[in-house]
Amino acid sequence: MSDNDTNSRRRFLHLTGATVLTVGLAGCGGGGGDGGDGGDGGMTPTTTAGDGGDGGEVPESERTATAQGGAQRNPDSLVPPSSLSYQSEPSGDEQCSNCQFYVTDQNGDGMGACTLISGPVSPQGWCSGYARYEG
């Protein structure tokens, strides 16, 4: 097999895996919504992405905290905010503070976390993984 064939195959497998992960996570969220305008990826001064080197980290108290819907946050299984079209504004009446994956502010800084995406999130933010919390 030539180097070009090997590289093409690796690229195909990489893209297929990334697509499956993104579609799978987005599909788990349910919820619907109009998708918003894509926002700025959450990269405003008050909403930096992170938890692993891409902008900012959540406080230790939120790192493995439990979300409103009962899921525990696992820092090793998070995706970048842009993977789920995170934006720092709500999409209609859908926003992080009424999502089952939202981890409420634990340290009084006004920002929470999420069990799907890395970094701090705004309670007024939104992403395509949104699923209304009914609790």
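The model shown is predicted, which means the values in this text are computed figures rather than measured ones. (Residues numbered from 1 in each chain as written. Predicted model: local features only at pLDDT ≥ 70, side-chain atom pairs only at ≥ 80, totals over all residues. Heavy atoms only, no water.)

1. Thoughts on the nonpolar core
Here is step 1 of the chain: Residues L84, Y86, F101, C114, L116, I117 and V121 are the most contacted members of the largest nonpolar core, which totals 15 residues.
Here is step 2 of the chain: The contacts of V121, once residues within four sequence positions are left out, are Y86, C96, Y102, M111, G112, A113 and C114.
Here is step 3 of the chain: If you look at the next biggest cluster of nonpolar residues, it comprises 5 residues, including V58, A65, A67 and V103. (Core = buried A, V, L, I, M, F, W, Y, C linked by side-chain atoms within 4.5 Å. Buried < 20%, exposed > 50% of the residue type's maximum accessible area, 1.4 Å probe, protein only. Contact = heavy atoms within 4.5 Å.)

2. So, empty space enclosed by the protein
Here is step 1 of the chain: By the definition in use, this model includes 1 cavity of 30 Å³ or more.
Here is step 2 of the chain: Its boundaries defined by the atoms lining it, the largest cavity holds a volume of some 80 Å³.
Here is step 3 of the chain: Taken together, 15 residues line the largest cavity, and the ones lying closest to its centre are C96, C99, F101, C114 and C127.
Here is step 4 of the chain: Its residues assigned to classes, the lining of the largest cavity comprises 12 nonpolar, 3 polar and no charged. (1 Å grid on protein atoms, 1.4 Å probe; cavity = no way out; pocket = protein on both sides within 12 Å on 5 of 7 lines; lining within 4 Å. Points joined across faces, edges and corners; volume = space filled by probe spheres on them. Nonpolar A, V, L, I, M, F, W, Y, C, P; charged D, E, K, R; others polar.)

3. Quick word on the pattern of salt bridges
Here is step 1 of the chain: Under the counting rule described, the total for this entry stands at 1 salt bridge.
Here is step 2 of the chain: Taking the shortest distance from any N to any O, the salt bridge between D93 and R132 comes out at 3.2 Å. Pair noted here: D93 is in the loop between α2 (60-63) and β1 (102-103) and R132 is in the segment after β2 (113-114), with a separation of 39 residues, a long-range link.
Here is step 3 of the chain: With a relative accessible area of 53%, D93 lands in the exposed category. (Salt bridge = Lys/Arg side-chain N within 4 Å of Asp/Glu carboxyl O. Helix = DSSP H or I, 4+ residues; strand = E, 2+ residues; numbered from the N terminus.)

4. Considering the environment of Y133
Here is step 1 of the chain: Along the chain, the position of Y133 falls in the segment after β2.
Here is step 2 of the chain: Along the chain, Y133 and N98 lie 35 residues apart, while their C-alpha atoms are 5.4 Å from each other.
Here is step 3 of the chain: Beyond its immediate sequence surroundings of up to four residues, Y133 is in contact with Q68, G69, N98, C99 and Q100.
Here is step 4 of the chain: One polar contact links the side chain of Y133 to the main-chain carbonyl oxygen of Q68, over a distance of 3.3 Å. (Polar contact = N/O pair within 3.5 Å; in protein donor to acceptor, adjacent residues only side chain to side chain.)

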